[in-house]
Amino acid sequence: HAATLRQILATLWLSAGAASHAAAPFDLDDAGRVDAGKRRFGSTCAAYCHGKDGAGGRAPSFKGNSFFEPDVAFKVITLGRQGQATMPPWGNAYSPEEIWELVAYLQLLSKQKD
């Protein structure tokens, strides 16, 4: 399951050249940024797709994801994805900084036990 997710994310990374923000503009461990990302995740991502606290729902869990890559997550959130695991693009709804805040929260989740 995790290997499949990693393959999907790697494919998306390679095909997502349009979003070229390779590095976060702030420390992804910054508590304020993580908290902002958590609030945004709760209002946008949790209910229908990724579940409460990122534990999974209709989409994969972020908790304990040892394959989490911030730059890949940024691109997937920005551009979305099509196919079996459809996700809307959020690049027009959120600024790159706001997306990086989501990534900061997802990174925290990836370090927690699933």
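Given the structure is predicted, the values throughout are model-derived calculations rather than measurements.

> How would you explain the pattern of salt bridges if you had to name every residue and give the values?
The tally for this structure, following the rule as stated, stands at 6 salt bridges. Across the pair Arg33 and Glu97 runs a salt bridge whose closest N-O atoms are separated by 2.6 Å. Residue Arg33 is located in helix 2 (residues 31–44), and its partner Glu97 is located in helix 5 (residues 96–110); the two are separated by 64 residues in the primary sequence. The class of Arg33 is partly exposed, set by a relative accessible area of 22%. In this structure, a network of salt bridges that share partners links the residues Arg33, Arg40, Glu97, Glu98 and Glu101.

> If you had to explain the nonpolar core to someone new, which residues and values would you point to?
Ranked by size, the top nonpolar core spans 23 residues in total, and within it Leu28, Phe41, Ile77, Trp100, Leu102, Val103 and Leu106 carry the most contacts. Looking at this core element by element, the count peaks at 8 residues for helix 5. Setting aside residues up to four positions removed in sequence, Leu102 forms contacts with Gly37, Arg40, Phe41, Cys45, Ile77 and Tyr94.

Each value, and the rule that gives it
- Residues numbered from 1 in each chain as written.
- Predicted model: local features only at pLDDT ≥ 70, side-chain atom pairs only at ≥ 80, totals over all residues.
- Heavy atoms only, no water.
- Salt bridge = Lys/Arg side-chain N within 4 Å of Asp/Glu carboxyl O.
- Helix = DSSP H or I, 4+ residues; strand = E, 2+ residues; numbered from the N terminus.
- Buried < 20%, exposed > 50% of the residue type's maximum accessible area, 1.4 Å probe, protein only.
- Core = buried A, V, L, I, M, F, W, Y, C linked by side-chain atoms within 4.5 Å.
- Contact = heavy atoms within 4.5 Å.

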